[in-house]
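Notes for the structure review
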Amino acid sequence: MKTLRIEGLTAEIEGKPILKGVDLEIKTGEIHALMGPNGHGKSTLANILMGHPKYTVTGGKILLDGQDLLEMDVPDRSKAGLFLAFQYPVEIPGVTVGKFLKRAAEIHMAVRGEKLNVTKFIKQAREDMSFLEMDQQFINRYLNEGFSGGEKKRMEILQLLTLKPRFALFDETDSGLDIDALKVVSKGINRLRGDDFGALIITHYQRILNYIQPDFVHILYQGRVVTTGGSELVTALEEKGYDWVKEKYGA
Amino acid sequence: MTAVKPDLTWPGRTNEEWRRSSLEKFALESRSAAGPSQGKPAKKLDHDPAFSGRLSFVDGVLAGADLAPELVAQGFLFGSLTDAPALVKDHLARGLTLADTLASSGHYSRVEFGAVLVVPARATAEAPFLIEITENRSGVVTTPHIAVSLGEASQAALVVRHRSPEGKAFTVDSATSVDVGAGAVFRLSELQTHGRAAAVLDHSFATLGRDAQFFHWCAPIGGGVVKTRFDFTLAGEGSSVRTHGLYFGVDDQHKDMRISLTHASPQASSYALYKGAVRDRARTVFQGLIEVKPEASKTDAYLSNKNLILNDGARADSLPQLKIDTNDVKCSHGSTTGKVNEEEVYYLTARGFSKEEARLLIAQGLFAELIDEAPSFLRDEVETLVACALGADAHLGVCQESE
Ligand SMILES: Nc1ncnc2c1ncn2[C@@H]1O[C@H](COP(=O)(O)OP(=O)(O)OP(=O)(O)O)[C@@H](O)[C@H]1O
Ligand SMILES: [Mg+2]
C-alpha cells in the first residue's frame with residue numbers, strides 16, 4: 001500500500017491565497033471524490049499536486065509514499081506514479097498521438113529499467129483504443145488538435161491506461177460528456193481500480209460516481225476540505241446544493 | 001550571357017528591402033568572381049529510376065549528369081546553361097529587368113554556370129529532377145543560375161540542393177528563373193545547407209501562365225548571412241502558387257527572406273506559409289508582399305508567417321504587406337511571433353517528458369506541416385535538420401557541430 005498525503009497545504013496564485021490549509025490522505029486501493037463550488041480551489045489543488053509552476057505553495061506538505069513531492073519537478077512526479085487528467089487538455093499541433101504516447105510510455109518504462117517493445121506497444125495501444133471506443137485513426141492525429149471535448153477526455157483516459165499510474169487525479173473528467181462517453185471514461189478508470197491504484201475524482205455531479213463508487217467524499221470549500229463522508233454527502237449536495245455547506249463552514 | 005542595366009545603385013540604408021541586412025556582409029565588392037573552374041568534363045551518372053534526371057555541379061563545373069532516355073526522346077532538355085542559350089538569354093534579361101539595385105542585378109550580369117530544365121508541352125515526368133550544387137572554394141563569389149521552362153499542360157518536379165562544407169568563406173549569388181506554361185504543373189523544392197561561413201544571396205522569380213500551378217517549398221537552413229528574394233508573378237488567369245518555407249536562425253545566423261506574390265490576372269490564387277525559429281543571438285527577417293493589380297479581380301490570396309523565439313536575445317521580424325488595387329478580392333495575411341507555449345510544456349512534463357524534450361517536441365510540431373511538404377526522399381533528412389536547428393542534442397550523433 002502506498003499513500004499520497006497532503007498536510008496543511010496553503011497556496012496562492014499571483015499573491016491571491018487560494019488554498020488555506022488542505023488536509024487529505026489517499027491510499028492505493030481507495031477512490032476519493034472531491035466536490036465543491038466553482039472557484040474554491042479544486043483545480044488549484046490538482047495542479048499543485050502535479051507541480052504547475054504558476055502556483056506558489058506557501059505552507060504545508062505533500063508526501064508521496066514518504067517522498068516530499070514539493071521537492072520534485074513535474075516530470076519526476078509523473079515518473080513517480082502521479083497522473084493528472086486535465087480539466088482542459090491543451091492542443092499540441094504537429095505532435096501525433098502515436099509519437100507522443102510511445103515516447104511517454106518509453107519514459108515511464110525506463111524508470112522501471114524496461115525497454116519499450118514497439119510491436120507490443122502498438123498492439124496494446126490499439127487494444128486500449130478499442131476498449132475506449134476510439135477510432136484507430138486517432139493515433140495519426142495531432143494531440144488534442146481539433147478534438148471535441150469528449151474526445152479530449154477519452155485521450156486523457158487513453159494516456160491513463162498507457163501510463164498506469166499509482167495515483168490519478170481526474171479534474172472534471174466527466175464534464176461535458178454525454179452518457180455513452182461517460183460510461184466509456186468510467187470503464188477506463190475502473191479498469192485500473194484495485195489494490196495498487198488510488199484516485200481523486202474532482203466533480204460537480206453524482207452521475208460519474210454512479211459508475212465509479214467512491215470510498216470517500218470530500219467537500220472543498222474556501223480553500224479547505226471542510227467535511228468528509230460517504231455517498232450520502234453526494235446525495236445531500238444533489239438535493240440541497242451548497243447553501244448548507246456555506247452556513248455550516250462559511251467564513 | 002552578360003548584360004548590364006544602367007542607372008542602378010547599391011541599396012542604401014533607406015532601401016526598405018535591405019534595411020535590416022548589411023550589404024557589406026556579402027562581400028560582393030571585396031570578393032572576386034570565381035570564374036570558370038578547370039573541371040573535368042561531365043561524367044555520365046548511372047540512371048537512378050528515383051529521378052527523371054540528375055545534374056551535379058561541383059565548384060562551378062558540371063561534374064555528373066543523367067537524363068532518363070525516354071525523356072530525351074520526348075524532347076526534355078536537362079543540362080548546362082550553354083545547352084539552351086536563347087532561353088537562358090531571355091530569362092537573364094527578364095531577371096535584369098526585375099532587378100532594382102546592383103545587389104540584385106549583379107547575378108544577372110555575371111552568371112557563370114548553371115542548369116536548364118525544359119519540359120516540352122503536354123509531357124509529364126513522374127520522378128523529380130535533381131540538381132546538386134556543391135561549393136568548396138573560399139574567398140570568391142560564385143554565380144549559379146537555374147532556368148526552368150514548362151511547356152503548356154506539362155508536369156514536372158525539380159529538387160535543388162545547394163551546399164558547402166563548414167569553414168568555406170565565400171559568397172553564392174544564385175537565382176532560379178521559372179516559366180510555368182498554361183495549364184502546366186510544377187513543383188520546385190529547394191534545400192540549402194551551406195556552411196556557416198557562406199554568404200548566400202538569391203533572387204529568383206517565377207511567371208505563371210493561364211491555369212498554371214506552381215508548388216514551391218524551400219528550406220534555407222545553412223549559411224551565415226542569407227538574403228533571399230522570390231518574386232512570383234501570377235500572370236495568367238486562374239493560375240495558382242503555393243509557397244512554403246521553413247527557416248532557422250542559430251548562433252549568429254542572419255537570414256532575411258522576401259517573397260512577393262503579384263496577382264496580375266483575374267481568378268488567380270496564392271497561398272504562402274512560412275515558419276521560422278530563432279535561438280542564441282540569431283536574427284531572421286521575413287518580408288512578404290501580396291500585390292493585387294487593378295486587373296486581378298477575384299484574387300484569392302493568403303499569407304502566413306509564424307516565428308518561434310527560443311530564447312531572449314534572438315530576434316525575428318515579420319513584415320507581411322498587402323497592396324491591393326482592386327475590389328472583389330479575398331486577401332488575408334497574418335503573422336505570429338512568440339515563445340513556446342508554457343501550458344503545452346506543462347502538459348508534456350506532466351506525462352514525464354523533461355522540460356527540454358517537451359520544448360523541442362512542441363517546436364518540432366510547429367514545423368510538421370512544412371516537413372510534410374518536403375520531397376519524400378528528403379523528408380527524414382529535413383526532419384533531422386529541423387531537430388538540430390531547434391537544439392536537439394548534437395551528441396545524438398546526427399547533428400553537425402558548426403564552427
Ligand atoms: N491565473 C490566475 N490568476 C488569478 N487567479 C486565478 C488564476 N487561476 C485561477 N485563479 C483563481 O483561483 C481560484 C480557484 O480556482 P480553481 O480553478 O482552483 O477552482 P475550481 O474549484 O477548480 O473551480 P471550477 O469548479 O470552476 O473548476 C479562483 O478564484 C480562480 O479565479
Ligand atoms: Mg476546476
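The structure displayed is predicted, hence computed values, not measured ones. (Residues numbered from 1 in each chain as written. Chains lettered and ligands numbered in written order. Predicted model: local features only at pLDDT ≥ 70, side-chain atom pairs only at ≥ 80, totals over all residues. Heavy atoms only, no water.)

Here we look at the overall build of chain B
Which entries qualify depends on this criterion: Working definition: helices are DSSP H or I runs of at least four residues, strands are E runs of at least two. Numbering for both runs from the N terminus. Only protein chains enter the accessibility calculation, which uses a 1.4 Å probe; a residue whose area is less than 20% of its type maximum is buried, one above 50% is exposed, and one in between is partly exposed. Contacts: residue pairs with any heavy atoms within 4.5 Å of one another. Accessibility throughout is a Shrake-Rupley quantity obtained with a 1.4 Å probe, and a residue counts as covered only by protein chains that appear here. Neither His nor the chain termini are counted; the positive set is Lys and Arg, and the negative set is Asp and Glu. Every charge is mapped to an atom, namely NZ of Lys, CZ of Arg, CG of Asp or CD of Glu.
Assigned secondary structure in chain B consists of six helices and 22 strands. Taken over 403 residues, chain B has a buried fraction of 59%. For chain B, long-range pairs separated by at least 24 residues make up 82% of all intrachain contacts whose partners lie at least 6 apart in sequence. Counting every atom, chain B has about 15800 Å² of accessible surface; 50% of that belongs to carbon and sulfur. Distance between charge centres in chain B, computed from 41 positive and 51 negative side chains, equals 2 Å.

Side note on the coordination of the magnesium ion (ligand 2)
Residues and elements named next belong to chain A. Convention followed: Ligating atoms shown are N, O and S within 2.8 Å of the metal, or 3.2 Å for Na, K and Ca, and water is not included, meaning a site may look less than complete.
Binding of the magnesium ion (ligand 2) to the protein goes through Ser 43 (OG) and Gln 87 (OE1), at separations of 2.0 to 2.4 Å. Here Ser 43 is found in helix H1 (residues 42-50), whereas its partner Gln 87 is found in the loop between strand S6 (82-85) and helix H3 (97-111), with 44 residues between them in sequence. Relative accessible area serves as the criterion here: at 17%, Gln 87 is assigned to the buried category.

Comments concerning the site of ligand 1
Residue and element names in this part refer to chain A. Worth spelling out the cut-off: Near is defined per residue: the residue qualifies when any heavy atom it owns lies within 4 Å of the molecule or strand. The definition of a polar contact used here is a pair of N or O atoms within 3.5 Å, where within protein one atom must be able to donate a hydrogen and the other to accept one, and adjacent residues in sequence count solely through side-chain atom pairs. Any residue that is not Ala, Val, Leu, Ile, Met, Phe, Trp, Tyr, Cys, Pro, Asp, Glu, Lys or Arg is counted as polar, Gly included; the first ten are nonpolar and the last four charged.
With respect to spatial proximity, 15 residues lie near ligand 1, and among them Gly 39, Lys 42, Ser 43, Thr 44 and His 204 are the closest. Between His 204 and ligand 1, the recorded distance is 2.8 Å, taken from a side-chain N or O atom to an oxygen atom. Those elements that provide at least two residues to the shell around ligand 1 are strand S2 (16-27) and H1. Considering every element that reaches the shell around ligand 1, the biggest residue donor is H1, with three residues. Of the residues belonging to the shell around ligand 1, the class tally is three nonpolar, eight polar and four charged.

Notes on the packing of aromatic side chains
Here is the rule we go by: Stacked, tilted and edge-to-face are the three classes applied to pairs of Phe, Tyr and Trp rings, where Trp contributes its six-membered ring and a pair requires centres within 6.5 Å; stacked means planes under 30 degrees apart, edge-to-face means over 60, and tilted covers the rest.
Enumeration according to the criterion identifies 18 aromatic pairs over all chains in this entry. Ring plane angle 90 degrees and centroid distance 5.5 Å describe the contact between Phe 86 of chain A and Tyr 346 of chain B, whose orientation is recorded as edge-to-face. Of this pair, Phe 86 of chain A sits in the loop between S6 and H3 while Tyr 346 of chain B sits in helix H4 (residues 342-349), on two different chains. On the basis of relative accessibility, which here comes to 9%, the residue Phe 86 of chain A falls in the buried class. For the ring pair Phe 86 of chain A and Tyr 347 of chain B, a centre distance of 5.1 Å and an interplane angle of 35 degrees mean the geometry is tilted. Note that Phe 86 of chain A is positioned in the loop between S6 and H3 and Tyr 347 of chain B in helix H4, a pairing that runs across two chains. The residues Phe 86 of chain A and Tyr 347 of chain B share a single accessibility class, namely buried.

Digging into the sheet that holds strand S1 (residues 3-13) of chain A
All names here are of chain A. Put simply, the rule is: In this scheme, strands are said to pair when DSSP sees at least two bridges between them.
If you walk across this open sheet you meet the four strands as S2-S1-S4-S5, and the pairing is antiparallel. One side of each edge strand has no neighbouring strand; the edge strands of this open sheet are S2 and strand S5 (67-68). As judged from the eight bridges shared by S1 and strand S4 (residues 55-64), these two strands associate in the antiparallel manner. Among the inter-strand pairings, Thr 10 is bridged to a residue of S4, identified as Gly 59.

Quick word on the nonpolar core
Inclusion rule: Residue types Ala, Val, Leu, Ile, Met, Phe, Trp, Tyr and Cys, when buried and joined through side-chain atoms within 4.5 Å, form a set referred to as a nonpolar core. In this entry, domain limits derive from an automatic or database-based domain assignment.
Formed by 124 residues in total, the largest nonpolar core has its most connected members in Phe 170 of chain A together with Leu 246 and Phe 248 of chain B. Counting residues per element, this core draws most heavily on helix H5 (residues 355-371) of chain B, at eight residues. Residues from two domains meet in this core; each of domain 1 (16-339) and domain 2 (340-403) of chain B gives at least three. With residues up to four places along the chain from it excluded, the contact list for Phe 248 of chain B reads Pro 220, Ile 221, Gln 253, Lys 255, Ala 277, Thr 284, Phe 367, Val 386, Ala 389 and Leu 390 of chain B. Counting 51 residues, the second-largest nonpolar core is a separate cluster that includes Ala 65, Leu 67, Ala 156 and Tyr 247 of chain B.

Points about the pairing of strand S8 (residues 198-202) of chain A
Residues and elements named next belong to chain A. Among the five residues in S8, five count as buried, and that is most of the element. Alternating residues of S8 divide into Gly 198, Leu 200 and Ile 202 and Ala 199 and Ile 201, and every residue in both groups is buried. Across four bridges, the pairing between strand S3 (residues 31-35) and S8 is parallel. Bridging from a neighbouring strand, Ile 31 pairs with Ala 199 of S8.

Section: the domain arrangement of chain B
Residues and elements named next belong to chain B. Under the convention used in this document: Summed over both partners, the accessible area (1.4 Å probe) lost when two parts come together is defined as the buried area. Throughout this description, the term salt bridge denotes a Lys or Arg side-chain nitrogen within 4 Å of a carboxyl oxygen of Asp or Glu.
According to the domain assignment, chain B contains domain 1 (16-339) and domain 2 (340-403). Between the C-alpha centres of domain 1 and domain 2 there is a distance of 25 Å. With 28 residues of domain 1 in contact, the opposing surface of domain 2 contributes 24 residues. Carbon and sulfur atoms make up 70% of the surface buried where domain 1 meets domain 2, a total of about 2200 Å² over both sides. Of all residues in domain 1, Trp 217, Phe 248 and Lys 275 bury the most surface against domain 2, accounting for 24% of the area lost on that side. At the boundary of domain 1 and domain 2, one finds three salt bridges. A salt bridge links Glu 381 to Arg 161, with the shortest nitrogen-to-oxygen separation between them at 2.8 Å.

Digging into the side chain of His 52 of chain A
Secondary-structure assignment places His 52 of chain A in the loop between H1 and S4. With relative accessibility at 8%, the residue His 52 of chain A sits in the buried group. Setting aside residues no more than four positions away along its own chain, His 52 of chain A makes contact with Asn 47 of chain A together with Glu 343 and Tyr 346 of chain B.

With respect to the sheet that holds strand S4 (residues 61-67) of chain B
All names here are of chain B. How we decide: The convention used is that axes are lines fitted to C-alpha atoms, helices contributing only their stretch in contact, and that angles between N-to-C directions extend from 0 to 180 degrees.
Reading across the sheet, the eleven strands line up as S2-S4-S3-S7-S10-S12-S14-S16-S18-S20-S22 and stay open at both edges, with mixed pairing between neighbours. Two strands lie at the open edges of the sheet, namely strand S2 (43-44) and strand S22 (330-338), each paired on one side alone. Both strand S10 (residues 155-163) and strand S12 (residues 185-193) contribute to a ladder of nine bridges, which runs parallel. Bridge pairing links Val 160 to Glu 190 in S12. Its contacts with the sheet place H5 against strand S14 (213-220), strand S16 (240-249), strand S18 (269-278) and strand S20 (300-309), and it is angled at close to 150 degrees to S18. Helix H6 (residues 379-389) rests against S10, S12, S14 and S16 of the sheet, and its axis sits at about 45 degrees to S16.

Comments concerning the environment of Glu 7 of chain A
All names here are of chain A. Note on placement: Glu 7 falls in strand S1. For Glu 7, a relative accessible area of 29% translates into the label partly exposed. In sequence terms Glu 7 and Leu 24 are 17 residues apart; their C-alpha atoms lie 6.7 Å from each other. When near neighbours in sequence (up to four residues on either side) are disregarded, Glu 7 contacts Val 22, Asp 23, Gly 60, Lys 61 and Leu 63. A distance of 3.2 Å separates polar atoms of two side chains, one belonging to Glu 7 and the other to Arg 5.

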